[in-house]
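Observations on the model geometry
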Amino acid sequence: MKNIIQAKKIEKTFKDGVIETKVLRGIDLNVREGEFVAIMGRSGAGKSTLMYQLSLLDIPSNGELIIDGIDVLKLNNQQKTDFRLEYLGYVFQDYALVPELTAVENVSLPLLMRGIAPKDAFIKAEEVLHELDLHRQVHNLPNQLSGGEQQRVSIARAIVDEPKIIFSDEPTANLDSISARIVIDILKKLNRKGQTIVMVTHEEEYGKETDRIIRLSEGVIEREDILNKDRFL
Amino acid sequence: MIDLKTLKVAWFLGYRQIKRASVWTNVLIIIIMVLTFLNLVVVSGLLVGLIEGAVAANKKYYTGDIIISKLKENNSIQNSREIISTIENTPGIKSFSPRYLVSGLVEANYRNRTNFDDVAEEVGVIITGINPDREDQVTGIASLVIEGEFLEPDDFDKVIVGALMLEKYLDINSPGFLVLRNVEIGSKIRLKIGNSVREVTVKGITKGKVDETDRRIFMNDVQLRSMMDRNDLNVGEIAILVDSKHNPETVRDILINNGLDKFAQIQTFEDAQPKFLLDIKRTFTLLGTIISSIGLAVAAITVFIVIFINAITRRKYIGIMKAIGVNGKVIELAYVFQSLIYAIVGSIVGLFLVYFLLIPYFDNNPINFPFSDGILVAPALITTIRVFILIIVTALAGYIPARIIVSKNTLDSILGRK
């Protein structure tokens, strides 16, 4: 399996006037194609910050980042937006659905941005929503959906245009245990089909269901727990 | 460069944002746009309308479509008989009214004057001799009679007095602006033309808010000719009404090409507009533009604030959309489309109100100003330009705040960081 993400010596420093806070201190990390990786750590360990750097939502202060063979830190803003559209999918902790769009419209948005005709985009979006057992909520607005349903719509939006990597930031943090279980099962099912997933979580229970846990502490990788040796070694 | 895909997705987002926004928010913004439109069109339209009302009255009650008047060097229109004959044979002329004009004095209350050392109550006046039927066909003068009755063709020693000759209609206490006191219907007044003095009875009083007619005295042309001590039959003015198939300019040119301009000044009603009216019109247009511009600026700021608040409260979602690959241009254009929808809907409602409600209303109920009956003037071309300006300004007012928010760092927007 090739490394789809190669991060070398990633650093992130926040400046507030003269005060500098180093949140990431030279992270070296590879993620293989088809791998399900959990990034874990205590609050303030830098796990979300690392995910933002890996997912091109932020720019590292130092380091090198290659995704699918492309040196993404050399891309300009527009190229990064296009790259995110083509290569990456996002699932956020608070679902982050556009409030004035229905479930199917939210899901079809990445397809429309790729130039797919609205009719075809809606058909594809509905198919994905059906797969995630949301066939009755297709035309509901986000405020007409439960938290678990919103998170499933968010996953549908992330996977609808078949990105190479899904980044998921605490996808179960706002959910009850039943909804959280459903979301994790969906992510595992996607991963079994070959989807690369990088998930930030603070819940040990869900972290253990991935292939590998990367444990951060004070901006460095403290330890890596390989949970599914058979799959990648 | 904005491609079709960008426009389509921007419309997709912008339209849905309006469709699913609060009805009251939409109604409020559209009301603001309608009021802005009305401010742009109606304020200046009414100001100009005051003057247009005066111009329209001047045309309707005095000049007709074309007015033929004497050359400056003459006392009357030379060869009037030949000119009238040419007019009768010119195509496109619906009706015309030759008017004999003579300067004179009118004296009132002489019967009550006991002391002949007192100054006589005399006012200078242009006495106008008309054929009542012809004049009424051209100017509808009979409809201007506010007291008494209009002249009959066989009336003798009877006159119609313009309202501005009378104190009861023009209460100005100025030595340079003399008016007749205590003159009513049936009052006897004396007309003095040169050495000729004639006592006549006031049969009617006219008021048309046109100085030229409201400060004249009208009588039958046959009687006036007999008082003028002139045998040439030359008239002082000829007002002409053109039929609906011809325009005044064409008929004026035909008359000029027939050589009538050697004997008289031939003008359309527009040519004959008093210069002061044109000056006031220009001033009012400028005033209207200034007031409208202030209204436009207020509307632009309002739309800016509305869109800015909308965009800033949706900053997180703007960040999310950017994160999932919706580029900034799409989001900015979505806000521009929203602004355009508000501006276009506001303008359509405004156009409906102006052309189907306000203009017919003011046509039927003109604003009663001392010098004119004010109407609402909104020429299609000028209104179109103003709609266009409103739409452009609104689109800009929507674009700028959206641009400010969209240009923020994506992650900062998602996390709500400054």
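Residues numbered from 1 in each chain as written. Chains lettered and ligands numbered in written order. Predicted model: local features only at pLDDT ≥ 70, side-chain atom pairs only at ≥ 80, totals over all residues.

Considering the sheet that holds strand β6 (residues 88-91) of chain A
Residue and element names in this part refer to chain A. Convention followed: Strand pairing is assigned whenever DSSP identifies at least 2 bridges connecting the two strands. The helix count covers DSSP runs of H or I at least four residues long, the strand count covers runs of E at least two residues long, and both are numbered beginning at the N terminus. All axes are obtained by fitting lines to C-alpha atoms, using only the stretch in contact for helices, and the reported angles, taken between N-to-C directions, cover 0 to 180 degrees.
Strand order in the open sheet formed by 6 strands is β6-β7-β8-β3-β9-β10, with mixed pairing between adjacent strands. Each end of this open sheet is capped by a strand with a single partner; those strands are β6 and β10 (220-226). Averaged over all neighbouring strand pairs, the angle between strand axes comes to 20°, with direction disregarded.

A short note on the confidence of the model for chain B
Rules: Known as pLDDT, the predictor's confidence for each residue is given on a scale from 0 to 100.
Scored by pLDDT, chain B has a mean of 89; 99% of the residues are at 70 or more. As a predicted assembly, this complex carries a pTM of 0.75 together with an ipTM value of 0.88.

A word on the environment of B:Val9
Here is the rule we go by: Whether two residues are in contact depends on their C-beta atoms, placed from the backbone: they are in contact if these lie within 7 Å.
Looking at where B:Val9 falls in the secondary structure, it is placed in helix α1 (residues 4-19). The sequence separation of B:Val9 and B:Glu147 amounts to 138 residues, and the corresponding C-alpha distance is 70 Å. Not counting chain neighbours up to four residues away, the residues in contact with B:Val9 comprise A:Leu112, A:Met113, B:Val326 and B:Val330.

Focus: the pairing of strand β1 (residues 3-16) of chain A
Residue and element names in this part refer to chain A. Bridge count for β1 against strand β2 (residues 19-32) is 11 bridges, and the pairing is antiparallel. Within β2, the residue paired with Phe 14 across the bridge is Thr 21. Between β1 and β2, which pair antiparallel and follow one another directly, the connecting turn spans 2 residues, one of which, Gly 17, has a positive phi of 65°. Where β1 lies against strand β4 (residues 62-67), 5 bridges are found, and the strand directions are antiparallel. In the sheet register, Lys 8 faces β4, and the bridge partner there is Glu 64.

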